[in-house]
Amino acid sequence: MSNRTRTENSIINTALSTGTYLLNTVIAFVTRMIFVRVLSDSYLGLNSLFSNIFSVLSIVELGVGNSIIYYLYKPIHEKNEKEAAAIMRLAKKIYIALGIFVAISGLVVAIFLNKITGDTGNITENIHIMYIIYLTGVVSGYFFSYKTLILTANQRVYAVNGLNSLVIAVQNVVQIILLLVFKSYFLYIIVIVLGTLVYNLLINLIANKRYPYIKKYKNEKPQGFSTKELLTSFKGLIIYKFSDICVNNTDSIMISVFRGLSQTGMATNYSLFVTTLNALLGQVIKSITPSIGDMNVEKSKEEQHAFFNSIYLLNFWIFSWAAIGLAFVSSDMVSLLYGSKYVMDFKVPLILAISFFVAGLQNPIVIYKETRGIFTKGQYILLFTAVLNILGDIILGKYLGILGIFLATIIARLCTVSWYEPYIIFKNAFGKRPFGYYFKFLMSFVILFFEGAICYLLCRVVDFSPIINIIIKVIICSVVPNLFILLFKKKPEFAQIESIFKRLLLIVKRKSSTENT
């Protein structure tokens, strides 16, 4: 694949994925505003709790999906349709087995649901019935969702994300209507299940039409790797994903246990901004990941390391900017969208912003871990991350409440994966020691501290209506981080990023002029 083709695919993936996600985010926030006003805090907390539970149950799919995509890169690059079809055939079998596993695990969790939910407030519906309906939708997706793997590996992320955003947008519109007319959470989750089914059926049709060889070769077996090798990669990646989800997707469960569903709903109003930004920025990361996987087949370790440095700088720029915004704008957003009674102490958005930043800095490491297939190296420290986070949730949650639960996430990451995973990646992917990376990592926090201090001094004097506060603070929290990034202007990675942006503009202009001709 030529550099131009790789770049153009990245442009399409990033632009369309980001655009559709932004549109979908606006509709989702409108849906949540109506949800908060029509239903109680307890329903908001229950919805967040269900999402967290099924995020934990989905760890097996996240592991196998990325493992299979890694093995698809080479046959797709070499246009080996038989091998790609064989891998997809294997993927189908694995996903059906995973669907059965998730169904059984979900039913086991249902037994303990009353203990997990704690105080259910004024929820009148049967929680177990609603949980089973939600579980049905999640499990049904496993029988078709494996088809997204072939689209992702072929750098057709925009098709996956675009269709997903379209289905969710329609789903949210229907949910808005049902909430206003019937005020029913039961109907709300029914729509989620139907949306999942529609999305997976459409993905199945698109993949079959675009890659008909998937169905053409029915009896082939993968030749490029052994089943044992796949299982080894799968085990390493699932441990990583298990750790990641235990660190990032169990907060609502812990808050529900310690503080009840009502407090879970209030905290979710803030963590939703983190989730939204992570998902939005994740569109960019996912869009360029297949291109990096393709690049790893062609480029030397030195070239890969140079590009890694550029990705790190770009990643730091974006996440420092977003973290500053989370810390100083989110409370005004909560006040505007849901009402002043939902605004929490400034320490909560501050800790969430730091946690978001710590996790975000790990993105370049995660990209190279997945695209280089380094799934088994240092995998067990990730289990320690999960255990440390859960212990921190229990101890700090007991004494500091919601703040302690969020703080435990930061401590767990900094004590484990933030320093150890870079060591593994630099040693195995680049053949280098990570001392330069550690220095950049520390400097990232120093720069963030000065950015935050300046923004704090400026934002503390802004005291108007929520909408005016948001406008002024967004300007402050955008100007300051973007001025600080100029500190890197003479760095080679800054020059590479600048060169890439110029190249993208030329490609866009060329395409525009061609279409107008």
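To keep things clear, this report deals only with the structure shown in the data block.

Analysis parameters
Residues numbered from 1 in each chain as written. Predicted model: local features only at pLDDT ≥ 70, side-chain atom pairs only at ≥ 80, totals over all residues. Heavy atoms only, no water. Helix = DSSP H or I, 4+ residues; strand = E, 2+ residues; numbered from the N terminus. Buried < 20%, exposed > 50% of the residue type's maximum accessible area, 1.4 Å probe, protein only. Contact = heavy atoms within 4.5 Å. Salt bridge = Lys/Arg side-chain N within 4 Å of Asp/Glu carboxyl O. Phe/Tyr/Trp six-rings, centres within 6.5 Å; stacked < 30°, edge-to-face > 60°. Axes fitted to C-alpha atoms, helices over the stretch in contact; angles between N-to-C directions. Parallel < 35°, antiparallel > 145°, perpendicular 65-115°, else oblique. Left-handed = near helix turned anticlockwise from the far one by under 90°. Nonpolar A, V, L, I, M, F, W, Y, C, P; charged D, E, K, R; others polar.

**Some thoughts on the overall build of the chain**
Step number 1: Scanning the chain from terminus to terminus reveals 21 helices and zero strands.
Step number 2: Here the chain holds 517 residues, and 54% of them are scored as buried.
Step number 3: Once local pairs closer than 6 in sequence are excluded, the contacts in the chain between residues at least 24 apart make up 85%.

**With respect to the pattern of salt bridges**
Step number 1: One pass over the structure, following the stated rule, counts three salt bridges.
Step number 2: With its nearest N and O atoms 2.8 Å apart, the salt bridge here joins K473 to D332. Of this pair, K473 sits in helix α20 (residues 466-484) while D332 sits in helix α13 (residues 301-338), and the two are 141 residues apart along the sequence.
Step number 3: Take K473: its relative accessible area is 11%, and that puts it in the buried class.
Step number 4: Assessed through its relative accessible area of 11%, D332 is described here as buried.

**Observations regarding the environment of I367**
Step number 1: In this fold, I367 is placed in helix α15 (residues 363-371).
Step number 2: Separated by 75 residues in sequence, I367 and I292 place their C-alpha atoms 8.1 Å apart.

**Quick look at the packing of aromatic side chains**
Step number 1: Counting across every chain of the model gives 34 aromatic pairs.
Step number 2: Aromatic side chains F328 and Y456 sit 6.5 Å apart centroid to centroid with 45° between the ring planes, which places their arrangement in the tilted category. With a gap of 128 residues between them, F328 in helix α13 and Y456 in helix α19 (residues 435-459) connect regions that are remote in the sequence.
Step number 3: A relative accessible area of 10% means that F328 is categorised as buried.
Step number 4: Taking the centre distance of 6.3 Å and the plane angle of 65° together, the rings of Y437 and Y438 count as edge-to-face.
Step number 5: Y437 sits in the buried class, given a relative accessible area of 1%.

**Considering unusual backbone geometry**
Step number 1: Of note, K79 is a non-glycine position whose phi angle comes to about 60°, a positive value.
Step number 2: Its identity is not glycine, yet K183 carries a phi of approximately 55°, on the positive side.
Step number 3: Mapped onto the secondary structure, K183 falls in the loop between α8 (157-182) and α9 (185-210).

**Points about the packing of helix α2 (residues 41-57) against helix α6 (residues 127-141)**
Step number 1: Interhelical geometry of α2 versus α6 gives an angle of 45° and a closest axis separation of 11 Å. Our classification of the angle between α2 and α6 gives oblique. Crossing of α2 against α6: the hand is right-handed. Residues L46, F50, S51, I53, F54 and L57 of α2 form the contact with α6, whose participating residues are I127, M130, Y131, Y134, L135 and V138.
Step number 2: Looking at the contact of α2 with α6 residue by residue, the class counts come to eleven nonpolar, one polar and no charged.

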